[in-house]
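# A closer look at the structure
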Amino acid sequence: MMKVAPSILSADFGNLQKDVEEICNANCDLVHVDVMDGHFVPNLTIGPVVVSAVAKCATKPLDIHLMVENNTFFVELFAPLQPEYISFHIEEEKHPHRLIQKIRSLGIKPAVVLNPHTPPEAIEFLLQDLDMVLLMSVNPGFGGQSFIESVLPKAARLDAMRRKLNPTCLIEVDGGVSDVNVQALKDVGVDVVVAGSYVFKHENRQTAIQNLQI
Ligand code: DX5
Ligand code: ZN
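All residue numbers here refer to positions counted from 1 along the written sequence of the relevant chain. Chain A is the first chain written and ligand 1 is the first ligand written, with later ones labelled in order. Note on the predicted model: pLDDT of at least 70 is required for a residue's local features to be given, and 80 or more for side-chain atom pairs to be given and counted; whole-chain, interface and lining totals, by contrast, use all residues. Computation of side-chain values covers all heavy atoms of the structure but excludes hydrogens and water.

## Concerning the packing of helix 3 (residues 71-78) against helix 4 (residues 96-105)
The contact between helix 3 and helix 4 brings their axes to 11 Å, and the two run at 5°. Taken together, the axes of helix 3 and helix 4 lie roughly parallel to each other. In this structure, helix 3 uses Asn71, Thr72, Val75 and Glu76 to contact helix 4, whose residues at the interface are Leu99, Lys102 and Ile103. Polarity classes work like this: nonpolar for Ala, Val, Leu, Ile, Met, Phe, Trp, Tyr, Cys and Pro, charged for Asp, Glu, Lys and Arg, and polar for all others, with Gly in that last group. Of the residues assigned to the contact of helix 3 with helix 4, the class counts are three nonpolar, two polar and two charged. Think of each axis as a best-fit line through the C-alpha atoms, taken over the contacting stretch in the case of a helix, with angles from 0 to 180 degrees between the N-to-C directions. Working definition: helices are DSSP H or I runs of at least four residues, strands are E runs of at least two. Numbering for both runs from the N terminus. In these notes the angle categories are as follows: under 35 degrees is roughly parallel, over 145 is roughly antiparallel, 65 to 115 is roughly perpendicular, and the rest is oblique. Residue contacts are defined here by distance: any two heavy atoms, one from each residue, within 4.5 Å place the two residues in contact.

Put into structure tokens, the structure is as follows:
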């Protein structure tokens, strides 16, 4: 079944505990946390003070998506919260293999993120060291953008690569995901979808999560 990671970027930050509890009670699979530094992307979000409050009320594991310039600094900052995954952008890391080893040594599953223009071959020689690859289906920085269709053939190519090199590595897609495109994502081998506005703007968030768990 498709795993669903609601992105709390679209939650009501005035009622964050309520929103996090609601998606966890609705049986989401992961809680997706978007960390933006105002440099790698033109937006600024939350740091470990707020994310530790999320970690306290979440009954599902955290999936931390770093959109930052100084990955190592942010990995060290968030490691004490013991998320399930930390993902970092390949476009922003000179020594990705070293950082993957560091994340794993901290007891966290390492993942890399590819922007819409980055080909899956960019991580061919990292794939066997990863637990997950996150493909962006929007330009990172904001919720509520439209889904970029070229992620579909890209995910299919990545699926073929991981079957050969690391069959247990998951493929996650982030951006513009809804009930309209989730079947197409499943068909090309995607295992996890991130959904922000689709889940949090839905009149029934439990129904929204179930619509994606196909
Ligand atoms: C965008 C973030 C996403 C965002 C997705 O940079 O990485 O996780 O919250 O939001 P939607 O699902 O609304 O596109
Ligand atoms: Zn994200």
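What follows continues from the structure just given.
## Quick notes on the pattern of salt bridges
By convention in these notes, a salt bridge is any Lys or Arg side-chain nitrogen within 4 Å of a carboxyl oxygen on Asp or Glu. One pass over the structure, following the stated rule, counts eleven salt bridges. Across the pair Glu22 and Lys18 runs a salt bridge whose closest N-O atoms are separated by 3.9 Å. With Glu22 and Lys18 both in helix 1 (residues 16-25) and four residues apart, the pair spans about one turn of that helix. A relative accessible area of 31% means that Glu22 is categorised as partly exposed. Arg162 serves as the salt-bridge partner of Asp159, at 2.9 Å between the closest nitrogen and oxygen. Remark: Arg162 and Asp159 occur in helix 5 (residues 151-165); sequence separation between them is three residues, near one turn of the helix. A simple rule labels every residue: compare its accessible area, found with a 1.4 Å probe on the protein chains alone, to the largest value its type can have, and call it buried under 20%, exposed over 50%, or partly exposed in between. Here Asp159 falls in the buried class, since its relative accessible area comes to 10%. Where salt bridges share partners, they join Lys18, Asp19, Glu22 and Arg205 into one cluster.

## With respect to the site of ligand 1
We call a residue near a given molecule or strand whenever any one of its heavy atoms falls within 4 Å of it. Neighbouring residues of ligand 1: 20 residues in total, closest Asp34, Gly141, Asp174, Gly196 and Ser197. Interatomic distance of 3.4 Å between a side-chain N/O atom of His32 and an oxygen atom of ligand 1. What qualifies as a polar contact is a pair of N or O atoms within 3.5 Å, subject to a donor-acceptor requirement within protein and to the restriction that residues adjacent in sequence count only when both atoms come from side chains. Between an oxygen atom of ligand 1 and a side-chain N or O atom of Asp34, the distance comes to 2.8 Å. Residue-level accessible areas treat just the shown protein chains as cover; the underlying method is Shrake-Rupley with a 1.4 Å probe. Protein chains bury 100% of the 390 Å² of accessible surface belonging to ligand 1 in isolation. Contributing elements (two or more residues each) for the shell around ligand 1: strand 2 (31-36), strand 3 (62-67) and strand 8 (192-195). No other element matches the three residues that strand 2 contributes to the shell around ligand 1. When the residues that make up the shell around ligand 1 are grouped by side-chain class, the tally is eight nonpolar, ten polar and two charged.

## So, the packing of aromatic side chains
Given two aromatic rings, one states the distance between the centres and the angle between the planes to describe the pair. Within 6.5 Å between ring centres, the rings of Phe, Tyr and Trp (the latter by its six-membered ring) count as paired, and their orientation is classed by plane angle as stacked under 30 degrees, edge-to-face over 60, tilted in between. The tally for this structure, following the rule as stated, stands at one aromatic pair. Ring centres 5.2 Å apart and planes at 90° place the aromatic pair Phe73 and Phe74 in the edge-to-face group. A relative accessible area of 43% places Phe73 in the partly exposed class.

## A few points about helix 3
Within the span of helix 3, buried status applies to Asn71, Phe74, Val75 and Phe78. Considered in projection along helix 3, the buried side chains sweep an arc of 105° and stay on one side of the axis. As for helix 3, its buried residues are in contact with strand 2, helix 2 (48-57), strand 3, strand 4 (85-89) and helix 4. Of all possible arcs, the one meant is that of the directions from the helix axis to the C-beta atoms.

## A word on the coordination of the zinc ion (ligand 2)
Counted as coordinating are nitrogen, oxygen and sulfur atoms within 2.8 Å of the metal, or 3.2 Å for Na, K and Ca, while water is not included, which may make sites look incomplete. Summarising the metal site, the zinc ion (ligand 2) is bound by the protein donors His32 (NE2), Asp34 (OD), His65 (ND1) and Asp174 (OD), whose distances to it range over 2.0 to 2.3 Å. The coordination sphere of the zinc ion (ligand 2) comprises six donor atoms, whose angles at the metal cover 69 to 168°; the geometry is octahedral. Each donor residue of the zinc ion (ligand 2) lies on one chain, and together they are spaced H-x1-D-x30-H-x108-D. In this pair, Asp34 sits in strand 2 while Asp174 sits in strand 7 (residues 170-174), placing the two residues 140 residues apart along the sequence. Angular criteria define each label, namely tetrahedral for four donors with all angles between 85 and 135 degrees, square planar for four and octahedral for six donors with opposite donors over 155 degrees apart and remaining angles between 65 and 115, and irregular for whatever fails these tests.

## A look at the sheet that holds strand 2
Here we have eight strands laid out as an open sheet, ordered 1-8-7-6-5-4-3-2, and parallel in their pairing. Two strands bound the open sheet, and with one partner strand each, they are strand 1 (3-6) and strand 2. When strand polarity is set aside, the average angle formed by the axes of neighbouring strands in this sheet is 25°. Against the sheet, helix 3 touches strand 2, strand 3 and strand 4, its axis set at about 155° to strand 3. Pairing between two strands requires that DSSP report at least two bridges joining them.

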